[in-house]
Amino acid sequence: MLEEALAEIRAAASLEALQEIKVRFLGKKGRLTQAFKAMKGLGPEERKARGQELNRIKQAIEQALAEREAEIKAAELEARLEREREDVSLPGLALAPGGYHVATQILDELVNVFRRMGYQAVTGPEAEDEFHNFDALNIPPHHPARDMWDTFWLEDGHLLRTHTSPMQVRYMEAHTPPFQIVVPGKVYRHEATDATHEAMFHQLEGLAVGEGITLAHLKGALLTMARALYGEEARVRLQPSFFPFVEPGVEFLVWWTNPRTGEGSWLELGGAGMVHPAVFKAADDAREKAGRPRVYENVTGFAFGLGVERIAMLRYGIPDIRYFYSNRLAFLRQFPRP
Ligand code: PHE
């Protein structure tokens, strides 16, 4: 019986087969159990010898079962490790990294230039009210100057800001001069799009207010910016222009040399001027209404606003502003910066 059991145990290929063998030999009705029961009819001497023999067999079977069980378990583990093996030399899944949009890159660059001059960057709402976008900027209702900015009106009477200038007023309502700020952000124009016009684009607004601020300070700030963008050779030119919220008003041009062609030209970058007294008054009136003191009666200031995409278009030779926001990845990937 022992030889038989050991042979079967050795041949068992699974834990289930092993369990079946165990039941067949050691179970309640198993062969060994039957053999123990059959001892009843034996005499005392024989019974003792037979008992010892059966116990040895039982121990040998139990030991063989335990050893085989350990073997089978080890083999199963081995097989599983083989099956679920990780190939650590395989290349990983490359997630395409995102990057800053080219307009954001230029805006960051501009903001950093002004930070180095001591300006603080602040942002404001894109859904504006008529007061901040127009009235407080000395553009009353029905005034023809409103035609300068084709406006997206929202159903509740708000509008999408047509420029970043409303932040001039918002900032002055809440802060006391002297200060100098820049306002980066999106602006919206309700007009037909073409190679140089988009319904949404970016501006950088600047505002410096304090005692004794003059147009010369404006030119100095713009010149510092122009040199940071285009090198020490850069020059700035102010030309008379009109915006209701500045007096005098100018447009500013920057002399830059195109690194791709080596040619120089005057680049029209934006509008600027000295803050109009009507704007200071609107800010002070709003402050007074809110219970704050008037603080803009003995100061002057300059403001400027410039288009960001235009700088990128010239720098990189981008022929059409619509490329910026048509989500063409092949276009956007040309300006990598994580
Ligand atoms: N807000 C003007 C525009 O959108 C630019 C500007 C800003 C002009 C500040 C003067 C002063 O065109």
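This structure is a prediction, so every number in the text was calculated from the model and none was measured.

Caption draft 1: Fine view of the nonpolar core. In this structure, Leu-110, Leu-204, Met-225, Phe-302 and Phe-304 are the most contacted members of the largest nonpolar core, which totals 41 residues. Residue assignment for this core shows that the elements contributing at least two residues are α5 (102–116), β5 (200–210), α8 (215–230), β7 (246–257), β8 (264–275), β9 (300–307) and α10 (308–316). Apart from residues no more than four positions distant in its own chain, Leu-204 is found in contact with Leu-107, Leu-110, Val-111, Phe-114, Thr-164, Val-182, Val-183, Pro-184, Phe-304, Gly-305, Leu-306 and Val-308. Counting residues in hydrophobic clusters, the runner-up holds 28 residues, among them Val-169, Val-183, Phe-280 and Ala-303.

Caption draft 2: Highlighting the site of the ligand. Lining the immediate surroundings of the ligand are 15 residues, of which His-163, Ser-165, Arg-189, Gln-203 and Gly-305 lie closest. In the environment of the ligand, an oxygen atom lies 3.4 Å from a nitrogen or oxygen atom belonging to the side chain of Trp-149. Take His-163: an N or O atom from its side chain is 3.0 Å from a nitrogen atom of the ligand. Isolated, the ligand exposes 320 Å² of accessible area, and the fraction of that covered by the protein chains is 92%. For the shell around the ligand, the secondary structure elements donating two or more residues are β5, β8 and β9.

Caption draft 3: The arrangement of the sheet that holds β7 in detail. A sheet is described by the order of its strands in space; here seven strands give the open sequence β1-β4-β5-β9-β8-β7-β6, paired in mixed fashion. Of all strands in the sheet, those with a lone pairing partner are β1 (120–121) and β6 (235–241), marking the two edges. Helix α9 (residues 277–289) contacts β5, β8 and β9 of the sheet and is inclined by roughly 50° relative to β8.

Caption draft 4: Fine view of the environment of Gly-98. Relative to the helices and strands, Gly-98 is located in the loop between α4 (44–83) and α5. With 240 residues separating them in the primary sequence, Gly-98 and Pro-338 have C-alpha atoms 6.4 Å apart.

What counts, and at which threshold
- Residues numbered from 1 in each chain as written.
- Predicted model: local features only at pLDDT ≥ 70, side-chain atom pairs only at ≥ 80, totals over all residues.
- Heavy atoms only, no water.
- Core = buried A, V, L, I, M, F, W, Y, C linked by side-chain atoms within 4.5 Å.
- Buried < 20%, exposed > 50% of the residue type's maximum accessible area, 1.4 Å probe, protein only.
- Helix = DSSP H or I, 4+ residues; strand = E, 2+ residues; numbered from the N terminus.
- Contact = heavy atoms within 4.5 Å.
- Near = heavy atom within 4 Å.
- Polar contact = N/O pair within 3.5 Å; in protein donor to acceptor, adjacent residues only side chain to side chain.
- Areas by Shrake-Rupley, 256 points an atom, 1.4 Å probe, with all protein chains shown as cover.
- Pairing = 2+ DSSP bridges.
- Axes fitted to C-alpha atoms, helices over the stretch in contact; angles between N-to-C directions.

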